[in-house]
Every structure is written in C-alpha cells, then in structure tokens.
Amino acid sequence: MAEGVKPRVKAPKKAAAGETVTLKTLISHKMESGQRKNKDGSVIPRSIINRFTCEFNGKSVIDVTMEPAISTNPYFEFEATVPEAGDFKFTWYDDDGSVYEESKSVAIA
Amino acid sequence: MKFKPMSAIAALALSVPTFAMADADDDTLVINGEIEIVTKAPAPAHLDGALDEVMSGWHFRDDTTQAMEMDDFDNPAMLNVEAAAEVWNTVDGSEGKSCASCHGDVEESMKGVKAVYPKWNEAAGEVRNLQMQFNDCRVNRMGADAWKYDAGAAKDMEALVTSVSRGMPVNVAIDGPVQAMWEHGKEMYYTRTGQLDLSCASCHEENYGNMIRADHLSQGQINGFPVYRLKNSKLTSPQGRFKGCVRDTRAETYKPGSNDFLALELYVASRGNGLSVEGPSVRN
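Residues numbered from 1 in each chain as written. Chains lettered and ligands numbered in written order. Predicted model: local features only at pLDDT ≥ 70, side-chain atom pairs only at ≥ 80, totals over all residues. Heavy atoms only, no water.

### Some remarks on the sheet that holds strand β4 (residues 49-56) of chain A
Through backbone hydrogen bonds, the strands of a sheet pair up, either in parallel or in antiparallel fashion. Residues and elements named next belong to chain A. What counts here: When DSSP finds two or more bridges between a pair of strands, those strands are recorded as paired. Helix and strand assignments follow DSSP, with helices taken as H or I runs no shorter than four residues and strands as E runs no shorter than two, numbered in order from the N terminus.
Here we have five strands laid out as an open sheet, ordered β2-β8-β7-β4-β5, and mixed in their pairing. Each edge of the open sheet carries a strand with a single partner, namely β2 (14-15) and β5 (59-65). Bridge count between β2 and strand β8 (residues 99-108): two bridges; the pairing is parallel. For K14, the partnering residue across the bridge sits in β8 and is A107.

This is how it looks when you write it as structure tokens:
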C-alpha cells in the first residue's frame, strides 16, 4: 500500500431539497507515474489512484478514470444536486488494489 | 486581476514611473471566510522615502492562485501543516519529549510567535529565526537530532507555527540588539550583485508591478512565507527563496541557514511590518 494516503472531503452538512452543492475532495497520494527512473536507472513502478467515484444514496454522481500524468495529491471539485437527505460516498481505487473510502451525510434544511 | 499588455506597462512605466503600482489588484483576502488578512498597509517608518505602501505578494498573483489561499481545503500547504501537527505530538530524542510536552496546544502556545520572528534570543546572544529555534529545542531539550536547514520537516513545522498566527500583524523589532544585523541585511538588500548587476531593490522596490519577462514582480514581502509554490509543488522558506533570487542575478548565492541570509531575512521581514502574517501562502 502506498504510504501516507489520506482521503479528505469537504461537503456541506445541510442543503435545500434540489439544491446544487459544491463538493471538494483531495487524497494525499504520491501518484508515481511509472515514467521515472531511480538513481540506478531502473524504472520506479507506477503507483497511482486510477479511479475515483462519488455516489449519492447508491446513485452515481461522478466516475473518473485517472491517468499517470495527474499530479500528486489529486484534487477534484464538482457539483451535485441533492434531491433528498442522504449520504455521499466517495471511493478512490489504488493501483495496488487498495480502496479508500469516505462518506458525508447531507441533511435537508 | 487587471491585465495590461506588456507594451502598455512599459510605456506607462517610462512616462509615469510610479504608475506601476496600480498593477497590484484590489481584491481582499479572507481565509476560510473568517481570518481577515491585511494585504496592504502603510509602509513602516524605516521605509520612508522608499515605499509608501507595503503589499503582500498575494496581490500580484492571478485570481485562480489567489483563490487557492482563501480556503484551507484548497491550500496544498495545509497538507504540510497537517504533517507537522503530527510531528508536534510525536516524541523524539533521548529525553522522551515531543513539542507538545512543553508547549501544549500549538494553536495556543505558538499564536503570535511568527509575527515577531526573526528576533533576538537573549540567552543565546544571537538573532534567531523559527528554524533555528526549533533546532535549539530539538537538540537541547528533546535530545533529538537537529533538522538540516530547510529540511522537509523543518519547513513543515515552520508552516504549522506560522499558520496559527495568520491575521496577526507582522511586528519585527529592528532596534536594540538586532540593529547591527538589521543594518547588514539592509545593506545586502540595496547591494547589486551578480552578472546581471541587480539588487533586491532593483526588482522589488523600483519595479514591482512590472513584468520581468513572464513574471509579475511583487514587492518581495515575506509575510506569506513559508510559501507553497505551484511551480515545484512544495514549501519554500524565505531563505530558500532568497537563494533562488540571488541565483537569478547570476551571482554565487549565500547558503540558506547562513548569517548573511539571516540578516536579509530579518531585514525583509521588517519591510512587511504592518501586513498580516499570511503563511503558508500559495504562489506560482
């Protein structure tokens, strides 16, 4: 498992029904591209987050395929419409098979 | 942000040299919607005749870079702050102590510290900046190894300690025991060096607001340091930045951690007296 990986999400705790809210996410990750070589000249193996998804009450909000050119600590900011109270579930998929999850509840104000 | 074509700036600079300062924008900086940052202030008395107003480098960056600093979630330097907060509570060295063992909660104990540094340390009889003070604690109180100057952990800690003083006015003492060193720093600031024959003042006092090739010159204030630079995606300390600047004049640089750079850090910090502590900031 890549070291020092920590997912972070900033989401509002409350929203009006039907309101569009902004979600900010960041995961600390080295995002090693697999293109670099170390001092001995051997390739440093690729280690990136290759997929990021967000679901709201089981329904897909965003599903992103990520590539090696994305820089360290990938940050995503996007908007979602909140039709009802529920939970946002965020999932990051690592090359090494690790899955990192975070969830945020939104109440209807 | 106000954009003007290069030629227009050059023409204006020729006809009305002082107009260049209009090129800093008039946005206001509030971090997390609550910490109000003073980014423009009347120049401290010792700058009489040199500058009327001191301005944070924040005004010289574009809107997207500016926005990254307005929310800690968007500020990549806060990852370093988080890392340092862990170190703060981690025991290291032979004495079995962490920073927290003596200093408790960093937000309480370190509030206002950055605002007055670099400053005179009476017991040691020398001027110290934050990194020197950290190492004094590490070696003499914790029995741990000193951090190398500008080591990752040292810059992270500098960011943490700075972050808890955000919004407080920079108030670095320039008289008394520090005066000799301050004078030395001032002399360095105004001395032209390198193949390009530039002093700090050539760019940051006489030409701030103008473009130097693709770079928008600021006043070179360090109230926002340590700074997260997008160009190399890591923290830069004031002395690390000085090294880059001196190198750019094509001179042999001083070493970060040297007495000369400490003098310059003290002097440049005092040029920002009246601005808010803003670091860790985001710049390009």
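Picking up where we left off.
### Focus: the nonpolar core
In plain terms, the rule: Remark: nonpolar core denotes a set of buried residues (Ala, Val, Leu, Ile, Met, Phe, Trp, Tyr, Cys) joined through side-chain atoms within 4.5 Å. Throughout this description, buried means an accessible area under 20% of the type-specific maximum (1.4 Å probe, protein chains only), exposed means over 50%, and partly exposed covers the range between. Contact criterion: two residues are considered in contact whenever any of their non-hydrogen atoms come within 4.5 Å of each other.
Formed by 35 residues in total, the largest nonpolar core has its most connected members in V54, L264 and V268 of chain B. Taken together, the elements giving at least two residues each to this core come down to β4 (53-55), α9 (179-190), α11 (238-248) and α12 (259-271) of chain B. Of the residues forming this core, the biggest block, eight residues, is contributed by α12 of chain B. Sequence-distant contacts of V268 of chain B, that is, excluding residues within four places in its chain, are made with Y189, G220, Q221, I222 and F242 of chain B. Grouped together as the second largest cluster of nonpolar side chains are 24 residues, A15, I49, F52 and V106 of chain A included.

### Quick notes on the interface of chain B and chain A
We count it as follows: In this description, buried area is defined as the sum, over both parts, of the accessible area (probe of 1.4 Å) that is lost when the two are combined. Between Lys or Arg on one side and Asp or Glu on the other, a salt bridge is scored when a side-chain nitrogen of the former is within 4 Å of a carboxyl oxygen of the latter. Polar contact is the term for a pair of N or O atoms within 3.5 Å; when the atoms are in protein, one must be able to donate a hydrogen and the other to accept it, and sequence-neighboring residues count only if both atoms are side-chain atoms. Throughout, the ten residues Ala, Val, Leu, Ile, Met, Phe, Trp, Tyr, Cys and Pro are labelled nonpolar, Asp, Glu, Lys and Arg are labelled charged, and all others, Gly among them, are labelled polar.
Chain B puts five residues into the contact, and the matching count from chain A is nine residues. Here chain B packs against chain A, burying approximately 690 Å² in sum over the two surfaces, 55% of which is carbon and sulfur. Summed over the three residues of chain B that lose the most area to chain A, namely F73, L79 and E82 of chain B, the buried surface amounts to 71% of that side. Along the contact surface separating chain B from chain A lie five salt bridges. The residue E82 of chain B makes a salt bridge to K6 of chain A at a minimum N-O spacing of 3.0 Å. In this structure, the connection of chain B to chain A is made through six residue pairs in polar contact (both at pLDDT 80 or more). Within the side of chain B that touches chain A, the residues separate by chemical class into two nonpolar, no polar and three charged.

### Some details on the pairing of strand β3 (residues 19-28) of chain A
Residue and element names in this part refer to chain A. Across the 10 residues that make up β3, a large majority, seven, are buried. Examined bridge by bridge, strand β1 (residues 6-10) and β3 share five bridges and lie antiparallel to one another. Note that in β3 the partner of K10 across the bridge is K24. Pairing analysis gives eight bridges linking β3 to strand β6 (residues 75-82), with the strands arranged antiparallel. Within β6, the residue paired with L23 across the bridge is F78.

### As for the confidence of the model for chain B
Residues and elements named next belong to chain B. Heads up, the rule is: Known as pLDDT, the predictor's confidence for each residue is given on a scale from 0 to 100.
Looking at chain B, the pLDDT average stands at 91 and 92% of residues meet or exceed 70. Across chain B, the element-wise mean pLDDT spans from 47 in helix α1 (residues 6-15) up to 97 in α12. Residue range residues 7-22 is modelled with pLDDT below 50. Its contacts to residues more than four positions away, or to other chains, number 16 contacts. Scoring of the predicted complex yields 0.86 for pTM and 0.78 for ipTM.

### Regarding the sheet that holds strand β9 (residues 227-229) of chain B
All names here are of chain B. Rules: Axis definition: a line fit to C-alpha positions, over the contact stretch in the case of helices; interaxial angles, taken between N-to-C directions, run 0 to 180 degrees.
The strand order across the open sheet formed by three strands is β10-β9-β11, and the pairing between neighbours is mixed. Lying at the two open borders of the sheet, with one neighbouring strand each, are β10 (234-236) and β11 (281-283). Neighbour-to-neighbour, the strand axes of this sheet turn through a mean angle of 40°, independent of strand direction. Examined bridge by bridge, β9 and β11 share three bridges and lie parallel to one another.

### A closer look at the packing of aromatic side chains
Using the following cut-off: Note on ring pairs: Phe, Tyr and Trp rings are taken, using the six-membered ring of Trp, and paired if centres are within 6.5 Å. Classes follow the plane angle, with under 30 degrees stacked, over 60 edge-to-face and the rest tilted.
With the rule as written, the count across this model stands at 13 aromatic pairs over all chains. Ring centres of Y75 of chain A and F73 of chain B lie 6.4 Å apart, and the angle between their planes is 50°; this geometry places the pair in the tilted category. Pair noted here: Y75 of chain A is in strand β6 and F73 of chain B is in the loop between α2 (63-68) and α3 (77-88), and the two residues belong to different chains. Given the relative accessible area of 17%, F73 of chain B is considered buried. Following the ring pairs from residue to residue traces out a cluster consisting of F52, F76, F78 and W92 of chain A.

### A look at the packing of α11 of chain B against α12 of chain B
Residues and elements named next belong to chain B. Rules: Throughout this description, any angle smaller than 35 degrees is read as roughly parallel, any larger than 145 degrees as roughly antiparallel, any in the 65 to 115 degree range as roughly perpendicular, and the remainder as oblique.
At a closest axis distance of 10 Å, the pairing of α11 and α12 adopts a crossing angle of 105°. In terms of their interaxial angle, α11 and α12 are classed as roughly perpendicular. Along the contact surface, α11 presents P238, Q239, F242, K243 and V246, while α12 presents F261, L262, L264, E265 and V268. Taken together, the residues that form the contact of α11 with α12 break down as seven nonpolar, one polar and two charged.

### Looking at the pattern of salt bridges
Summed over the entire model, instances satisfying the criterion amount to 18 salt bridges over all chains. Where D95 of chain A meets R46 of chain A, a salt bridge forms, and the shortest distance between an N and an O atom there is 2.8 Å. In this pair, D95 of chain A sits in the loop between β7 (86-94) and β8 while R46 of chain A sits in the loop between β3 and β4, placing the two residues 49 residues apart along the sequence. Given the relative accessible area of 40%, R46 of chain A is considered partly exposed. Its salt-bridge partner being R283 of chain B, residue E69 of chain B comes within 2.9 Å of it at the nearest N-O pair.

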